Every structure is written in C-alpha cells, then in structure tokens.
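Spelled out from the first residue to the last, the chains are:
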Amino acid sequence: MEKKVEIIARNIIKPTSPTPNDKRILNLSLLDILSSPMYTGALLFYAADPQNLLGFSTEETSLKLKKSLSQTLPFFYPLAGKIMGTFVECNDEGAVFIEARVDHLLSEFLKYSVPESLEPLVPVEARSREALTWPVLLIQANFFSCGGLVITICTSHKITDATSLAMFIRGWAESSRGLGITLIPSFIASELFPLPIDELPSKPMNRKVEVEEMNCVTKRFVFDASNIKKLRAKASSNLVKNPTRVEAVTALFWRCVTKASRLSSPTPRTSVLQILVNLRGKVNSLCDNTIGNMLSLMILKKEEAKTEKIQDVVGELRRAKEIFSLNCKEMSKSSSKIFELLGEIGKVHGRGTEVDLWMSNSWCKLGMYEADFGWGKPVWVTGRGTSNFKNLMLLIDTKDGEGIEAWITLTEEHMSLFECDQELLESASLNPPVLI
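Just so it is clear, the model here is predicted, and its values are computed rather than measured.

Peer 1: It is not clear to me how the overall build of the protein should be interpreted in this structure. Could you clarify?
Peer 2: Within the protein, the secondary structure is distributed over 11 helices and 16 strands. Excluding contacts between residues fewer than 6 apart, the proportion of contacts in the protein whose partners are at least 24 apart in sequence is 79%. Carbon and sulfur atoms make up 52% of the accessible area of the protein, which totals about 19100 Å².

Here it is in structure tokens:
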C-alpha cells in the first residue's frame, strides 16, 4: 500500500483575510500547556459518485477544497499560525495542503483495511511523535484511482482536542458547500484556565501526563448496533438501568485487558483506568464552541486479584462520572483543582511497574459523519490508525451512529490474549470490512 501513494503537490494555504492586530497573540491555556506535543487527526473516506464514472477530479476537487479552506481559516486563525512555547503567534503563515495519488481501488482498500494501511494516507510530518511548531494544521487529500477520495486532517494537539478538530471539519465543510459557518469558534480557553506562572515548577514539562511509548499492536474491533444493544442489556443493573454505549464498551475493555494482564503476569497487579473527559458542558462558563484542550482525566482503580462483573464495572464508571461532574464545578474557579488532579495522576504513574495503566478516549457523537463538502457524507470516518502508545482505546461511531469502533493498542503479549477473549468476541468483530 505504501508504495502506491504518490505525493503530487504541496501548497501553503493562507487565510483570505489577515488576522487583526489585537488577535495576533493567543495564549495557550494551562490544559494546552500540559497536553502532549503531537498531532491528532481524522480520516474522512468518500466514495465516488456512481453517476459520475470518472469520480473526483483531482484538479477541480483540490481547487474547491483549497479555496474553502482559505475562507475557513479567518475563523480558525490560530490554525494558520505558529506555536511559540506558551502562545500561538497568529501570523497567517498558513496551513499545509498536500495532494496525493493512490493507485488502489477504495472499495478494495476498505474491504481489507488494517490500521497500518492508513499510515501512507497521513502527512509525513503528522506521523512524528512530536508536532512541529508549524504547521499547526496539515491536510492531505488522497485521490484513489477509482475516483474515491480520503481527506486526512491533522492538527497540533497543543491547541486542539478531538472536539476542536470536529468543529474545524464542520466549519470547513460548510464553507465548501457555500454556506456560512454555523458554529463560530471561541478562543477564550486561556481566560478560563490561565497559566499560573507562580504555581508552575521551574520545569513545567514535568507536570505533563505522558503515555508510555513502545512497540505495540493496534487492532480495530467493531461493535455493531445489535451487539451494542445486547451488551448494554448485559451491563445494566439496579444501579445503572440504562448504561450508555460508551459505558458498556469501556467496562468490557477494562475487564478484558485486566484479565489479559493477569494471565500474563505471575503476580496480580492493580489495574488503573484513565478516561479522557470533555469538560465542555461540565465546567461553568465553558461553551461548546471553545477551541483548545478542554480535557481532563477521570481515574478508576481495581485492586489486585479483584475482577468484578461488567455490571459492577459500569456502576463504578457511573459513580466516578458523578463525582467528576461535581469536581468540574470547582475547576473554573481555581487552577488548584487541576493541580490536585495532576497530583493524583502523578501518584498513580509514580508507582511504575506496580500497576497497569489503561486509557480510554471517546470520539463518539462528535458529528464527523456529517462532514459534507458538497459531494455527500463520508462512508467511513476513523482516527490515524496505529499508535506507539500502549494500553490505549479510541472509540469512534460507526456510520449508522448506533455502533462503536474500538481502536485498541496493546503490547503484543497482551493483544494475543485480549483478542481471543470470548467475552469480548461475543460483542465485537475483529476488523470486519468497511461496507460502502
């Protein structure tokens, strides 16, 4: 697959209008500063129009995308800037737009797609462990020989989370269709979570929550709508009568990876689940259109030799969410709550090899399947595929909005046990074809 992707053009796209002088410097928030310096990204797959035998015209489609991108950047002006330590210099330097030709049929690609096959569709710079100071925004339009198209959008995690990325995609798609942007982004994160210089240590990087990097295996597990319904029923209890899709899948993931670890370890280890939580709608004065890393971690622990039923795990998740929601109300009042949380995370990470650390992140309900640039909605939306960070699970909606795709990265030893777990396989299929 990698040899069949040819880069045919690379352009720098600048905003159609200059950024006003009073917006030339955007301070990063405390949560931005503490985020990992890497790129986050999504891949949107579009099938060729069956009425158009030639599919997408490379020249015409690229022109449409570049023109609408230029029109969108004035609203998302920091994405055309340069990251300078604790702030973004909004200098209209521009975003990078790459065009690539793929000598492959999209239908065949989706039939036999594996996480590793997505890598060539991602800009080379975005595959790096660390994001560059520029570009903040990287896009690669991949034109398949059959007329299909894959648009890969990558942004620096220093200023955007998945919700921010979804907002940008929505705005760009609306611009491409000749509509006005309906959700105007807000860049006030640093006002809500300012960087308290006096509270930071001399080396603030030490406060970051890092995820261990090593050689791992990433696999895609799909929970279709019917299996999700059965899993939710199985996970329900008197305490949680109607668990959500995400709660049910997260609970199953934690159960199964904990079993895999205990089968491979001579002594039982404490299992810790870290869940990334979107703070929008939970922290007072934090609007849904806020751009930035509006994320925090919810932590659950399972002591040695203790393996609860899935209903019990869902109950723990629901109780943790309720406590977390109460804590969120205090976050906007003082940064001390954030440092208090970071202290708890530090204690867990400080135990090193004594504990198993797992992390779950949900992209469900972000609306990326609504991204219509003028030729219909995508047939598949996914993240970047492989990961070098172990013990991660990324949840993404299936196209019908009822199922879930779980992209799971584990060590080879843990994955060999995890993927054979019968409890998991009762609810999930390992890498089924993506149907158009």
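Peer 1: Is there a simple way to think about the side chain of Asn391 in this case?
Peer 2: Looking at where Asn391 falls in the secondary structure, it is placed in the loop between strand 13 (380-382) and strand 14 (392-397). For Asn391, a relative accessible area of 4% translates into the label buried. A polar contact is formed between the side chain of Asn391 and the backbone oxygen of Leu357, at a distance of 3.0 Å. For Asn391, the contacting residues outside a window of four places in its chain are Leu357, Trp358, Met359, Thr409, Leu410 and His414.

Peer 1: Is there a simple way to explain empty space enclosed by the protein in this structure?
Peer 2: Taking a probe equal in size to a water molecule and rolling it over the atoms shows the remaining empty space. This model, assessed by the stated rule, comprises 2 cavities of 30 Å³ or more. Roughly 70 Å³ of internal volume is contained in the largest cavity. In terms of lining residues, the largest cavity is bounded by Leu26, Asn27, Leu28, Ser29, Asp32, Ile159, Phe187, Ala189, Ser190, Ile291 and Gly292. Elements with a contribution of two residues or more to the lining of the largest cavity: strand 2 (25-27) and helix 5 (189-192). Of the residues belonging to the lining of the largest cavity, the class tally is 6 nonpolar, 4 polar and 1 charged. Taken as a whole, the second largest cavity encloses approximately 40 Å³ of empty space. If you go around the second largest cavity, the residues you meet are Phe76, Leu79, Thr155, Thr160, Ser164, Leu165, Phe168, Phe187 and Ile291. Per element, the largest residue contribution to the lining of the second largest cavity is 3 residues, and it comes from helix 4 (residues 162-176).

Peer 1: Hey, could you run me through the nonpolar core in this one?
Peer 2: Most often, soluble globular proteins have nonpolar side chains that are buried together. Judged by nonpolar contacts, the single largest core of 131 residues is most densely connected at Phe45, Ile153, Trp172, Phe193, Phe223, Leu279 and Phe418. For this core, the element with the most residues is helix 7 (residues 245-264), which contributes 9 residues. When sequence neighbours within four positions are dropped, the list of residues in contact with Leu279 reads Leu31, Phe193, Leu286, Met294, Leu295, Ser296, Phe324, Cys328 and Met331.

Peer 1: I would appreciate a short explanation of the pattern of salt bridges in the present structure.
Peer 2: When charged atoms on two side chains of opposite charge get close, those side chains can pair. With the rule as written, the count across this model stands at 19 salt bridges. One salt bridge connects Glu405 with Arg220, and the closest N-O pair in it is separated by 3.2 Å. Within this pair, whereas Glu405 is found in strand 15 (residues 404-410), its partner Arg220 is found in strand 9 (residues 217-223), the two being separated by 185 residues in sequence. For Glu405, a relative accessible area of 4% puts it in the buried group. A salt bridge links Lys259 to Glu423, with the shortest nitrogen-to-oxygen separation between them at 2.7 Å. Residue Lys259 is located in helix 7, and its partner Glu423 is located in helix 11 (residues 422-425); the two are separated by 164 residues in the primary sequence. Salt bridges linked by common partners bring Lys234, Arg255, Lys259, Asp421, Glu423 and Glu426 together as one network.

Peer 1: Please explain the sheet that holds strand 14 as it appears in this structure.
Peer 2: Where strands meet in a sheet, backbone hydrogen bonds hold them as pairs that are either parallel or antiparallel. The sheet built from 7 strands is open, its strands ordered 11-10-12-14-15-9-16 with mixed pairing. The two strands at the open ends of the sheet, each matched to only one other strand, are strand 11 (295-302) and strand 16 (429-430). Of the strand pairs in this sheet, strand 10 (residues 270-278) and strand 11 are connected by 8 bridges, and their pairing is antiparallel. Of the residues in strand 11, the one forming a bridge with Ser271 is Lys302. Packing of helix 8 (residues 310-331) onto the sheet brings it into contact with strand 10 and strand 11, and relative to strand 11 it is tilted by some 140°.

Peer 1: Would you mind going over the environment of Thr182 with me for this structure?
Peer 2: The residue Thr182 is located in the loop between helix 4 and helix 5 in this model. Note on Thr182: relative accessible area 53%, which makes it exposed. The spatial distance from the C-alpha of Thr182 to the C-alpha of Met167 is 10.0 Å, given a sequence separation of 15 residues. For Thr182, the contacting residues outside a window of four places in its chain are Arg170 and Glu174. A polar side-chain atom of Thr182 sits 2.9 Å from a polar atom in the side chain of Arg170.

Peer 1: It is not clear to me how the packing of helix 2 (residues 58-72) against helix 4 should be interpreted in this structure. Could you clarify?
Peer 2: Each pair of packed helices can be summarised by the angle the axes make with each other and by the distance between the axes. One can describe the packing of helix 2 onto helix 4 by two numbers: an axis separation of 8 Å at closest approach and a directional angle of 120°. In terms of axis orientation, helix 2 runs oblique to helix 4. Relative to helix 4, helix 2 is oriented so that their crossing is right-handed. Here Lys64, Leu65, Ser68, Leu69, Gln71 and Thr72 of helix 2 come into contact with helix 4, specifically with Phe168, Gly171, Trp172, Ser175 and Ser176. Broken down by class, the residue content of the contact of helix 2 with helix 4 amounts to 4 nonpolar, 6 polar and 1 charged.

Peer 1: How do you make sense of helix 8 when you look at a structure like this?
Peer 2: The periodicity of an α-helix, 3.6 residues per turn, causes residues three or four positions apart to be oriented the same way. Across its 22 residues, helix 8 extends 31 Å between first and last C-alpha, which sits within 8% of the 32 Å expected from 1.5 Å per residue. All buried positions along helix 8 are accounted for by Ile310, Val313, Val314, Gly315, Glu316, Leu317, Ala320, Phe324, Cys328 and Met331.

Peer 1: In this structure, what is going on with the packing of aromatic side chains? I would like to understand it.
Peer 2: The description of an aromatic ring pair uses the distance of the two centres, along with the angle that the planes make with each other. The tally for this structure, following the rule as stated, stands at 13 aromatic pairs. A ring pair is formed by Tyr77 and Phe187, whose centres lie 5.1 Å apart and whose planes are at 55°; its orientation type is tilted. You can see Tyr77 sitting in the loop between helix 2 and strand 4 (82-84) and its partner Phe187 sitting in the loop between helix 4 and helix 5, a full 110 residues away along the chain. For the pair formed by Tyr77 and Phe187, the shared burial category is buried. Between Phe109 and Phe144, the ring centres sit 5.7 Å apart and the planes meet at 70°, which makes this aromatic pair edge-to-face. Of this pair, Phe109 sits in helix 3 (residues 106-111) while Phe144 sits in strand 7 (residues 137-144), placing them 35 residues apart in sequence. Accessibility expressed as a relative area gives 5% for Phe144, which makes it buried. By the ring-pair criterion, three or more aromatic residues cluster together here, those being Tyr46, Phe76, Phe168, Trp172, Phe373 and Trp375.

Calculation notes
Within each chain, residues carry numbers counting from 1 in the order of the written sequence. In keeping with the predicted nature of the model, local features appear solely for residues at pLDDT of at least 70, side-chain atom pairs appear and are counted solely at 80 or more, and the whole-chain, interface and lining totals rest on all residues. To get the side-chain values, all heavy atoms of the structure are used, and hydrogens and water are removed first. Elements are defined by DSSP. Helices are runs of H or I of four residues or more, strands are runs of E of two residues or more, and each kind is numbered from the N terminus. Here, residues are in contact when the closest pair of their heavy atoms is within 4.5 Å. What sets the accessible areas is the Shrake-Rupley method with a 1.4 Å probe; for residues, cover comes only from the shown protein chains. Only protein chains enter the calculation, and the probe is 1.4 Å; a residue is then buried if its accessible area is under 20% of its type maximum, exposed if over 50%, and partly exposed in between. Two N or O atoms count as a polar contact when they lie within 3.5 Å, although within protein this holds only if one can serve as hydrogen donor and the other as acceptor, and sequence-adjacent residues are included solely when both atoms are side-chain atoms. Of the two site types, the cavity is a set of points on a 1 Å grid over the protein atoms alone where a 1.4 Å probe fits but cannot get out, and the pocket is an open set with protein on both sides within 12 Å along at least five of seven lines, each lined by residues with an atom within 4 Å of a point. Grid points are joined across faces, edges and corners, and a volume is the space filled by probe spheres set on the points. The nonpolar class holds Ala, Val, Leu, Ile, Met, Phe, Trp, Tyr, Cys and Pro. Asp, Glu, Lys and Arg form the charged class, and all remaining residues, Gly among them, are polar. To form a nonpolar core, buried Ala, Val, Leu, Ile, Met, Phe, Trp, Tyr and Cys residues must be joined to one another through side-chain atoms within 4.5 Å. By definition here, a salt bridge exists when the distance from a side-chain nitrogen of Lys or Arg to a carboxyl oxygen of Asp or Glu is within 4 Å. Being paired, for any two strands, means DSSP has found at least two bridges between them. An axis is simply a line fitted to the C-alpha atoms; with a helix, the fit covers only the stretch in contact. Between two such axes, the angle follows the N-to-C directions and lies from 0 to 180 degrees. Throughout this description, any angle smaller than 35 degrees is read as roughly parallel, any larger than 145 degrees as roughly antiparallel, any in the 65 to 115 degree range as roughly perpendicular, and the remainder as oblique. Should the near helix be turned anticlockwise from the far one by less than a right angle, the crossing is termed left-handed; should it be turned clockwise, right-handed. One less than the number of residues in a helix, times 1.5 Å, gives the span that helix is expected to have. Only Phe, Tyr and Trp rings take part, Trp by its six-membered ring, and two of them pair if their centres are within 6.5 Å. Stacked means planes under 30 degrees apart, edge-to-face means over 60, and tilted covers everything else.

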